[in-house]
Amino acid sequence: GEDVEQSLFLSVREGDSSVINCTYTDSSSTYLYWYKQEPGAGLQLLTYIFSNMDMKQDQRLTVLLNKKDKHLSLRIADTQTGDSAIYFCAEKGAGSYQLTFGKGTKLSVIP
Amino acid sequence: DAGVTQSPTHLIKTRGQQVTLRCSPKSGHDTVSWYQQALGQGPQFIFQYYEEEERQRGNFPDRFSGHQFPNYSSELNVNALLLGDSALYLCASSLRNSPLHFGNGTRLTVT
């Protein structure tokens, strides 16, 4: 089956930029998503990008997509302590209704 | 505008028992998906319901079944519970190809 890989941990200082990376195997991916999960909560949609785009910016968030390398990244500018959470990358293949998620990257922000 | 609501929030069951989890989609959404999230893992797709029919199913045994009602709400049923079914069960709703919006989940513990 299709796979999504993410590094498990990232630690940054408050005010710095965070970059969370993700790779996927599905060459038919149509949409790619970033979700945030805080302790004891569900998943919050942060942003998403259509596969024919290579960049999307939304306030402090910038998504970069390299479709050739099947690599997706999420950059958070001016990272705050409230950004501490687990971030999940997910992809949706053509003709499929399911999202395939990575295992999540735990972002720790040091004050 | 209420988001996706799930009940109950927590549940403890014994091996071999049956459980029913409930989900009300976000207002205006007509599609409900269910995901299982084991501790330390990303969500895994169970199935999706649209127009009261199971539209796509993930890699889960027949012990997992569901239903969607005319008001778009949904239930997830799990029979013959195993210890390995202990997880956070997430419901997500969407409208056609819009991104999934998740509820806060039901934490199921099987003892």
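Look above for the structure.
Residues numbered from 1 in each chain as written. Chains lettered and ligands numbered in written order. Predicted model: local features only at pLDDT ≥ 70, side-chain atom pairs only at ≥ 80, totals over all residues. Heavy atoms only, no water.

(A) Looking closely at the interface of chain A and chain B. On the side of chain B, 18 residues touch chain A, which itself brings 17 residues to the contact. For the pair chain A and chain B, the summed buried surface comes to about 1600 Å²; carbon and sulfur atoms form 54% of the total. Summed over the shared surface of chain A and chain B, the result is zero salt bridges. Summed over the shared surface of chain A and chain B, the result is six residue pairs in polar contact (both at pLDDT 80 or more). Counting residues per element, the ones that place at least two in the side of chain A that touches chain B are strand E4 (29-37), strand E5 (43-50), strand E9 (85-93) and strand E10 (99-101) of chain A. Looking at the side of chain A that touches chain B residue by residue, the classes come out as 10 nonpolar, five polar and two charged. (Contact = heavy atoms within 4.5 Å. Buried area = accessible area lost by both parts, 1.4 Å probe. Salt bridge = Lys/Arg side-chain N within 4 Å of Asp/Glu carboxyl O. Polar contact = N/O pair within 3.5 Å; in protein donor to acceptor, adjacent residues only side chain to side chain. Helix = DSSP H or I, 4+ residues; strand = E, 2+ residues; numbered from the N terminus. Nonpolar A, V, L, I, M, F, W, Y, C, P; charged D, E, K, R; others polar.)

(B) Inspection of the sheet that holds strand E7 (residues 61-66) of chain A at higher detail. Residue and element names in this part refer to chain A. Strand order in the open sheet made by the five strands is E1-E3-E8-E7-E6, with antiparallel pairing throughout. Since the sheet does not close on itself, it has two edges, and those belong to strand E1 (4-6) and strand E6 (55-58), each with one partner. Ignoring strand direction, the axes of neighbouring strands in this sheet form an average angle of 15 degrees. (Pairing = 2+ DSSP bridges. Axes fitted to C-alpha atoms, helices over the stretch in contact; angles between N-to-C directions.)

(C) Molecular detail of the state of the cysteines. Tallied over the entire structure, the rule returns two disulfides over all chains. For Cys22(A), the disulfide goes to Cys89(A), at an S-S distance of 2.0 Å. On the S-S bond that ties Cys22(A) to Cys89(A), the torsion sits near -60 degrees, and the link is left-handed. Of this pair, Cys22(A) sits in strand E3 (residues 18-24) while Cys89(A) sits in strand E9; the two residues are 67 residues apart in sequence, bridging distant segments of the chain. Note on accessibility: Cys22(A) and Cys89(A) belong to one class, buried. Here Cys23(B) is linked by a disulfide to Cys91(B), with a sulfur-sulfur distance of 1.8 Å. Residues Cys23(B) and Cys91(B) are joined through a disulfide that is left-handed, its torsion about the S-S bond being -65 degrees. Separated by 68 residues along the polypeptide, Cys23(B) in strand E3 (residues 19-24) and Cys91(B) in strand E9 (residues 87-94) bring together distant segments of the chain. Of the residues examined, Cys23(B) reaches a relative accessible area of 2% and is grouped as buried. Given the relative accessible area of 0%, Cys91(B) is considered buried. (Disulfide = S-S within 2.5 Å. Buried < 20%, exposed > 50% of the residue type's maximum accessible area, 1.4 Å probe, protein only.)

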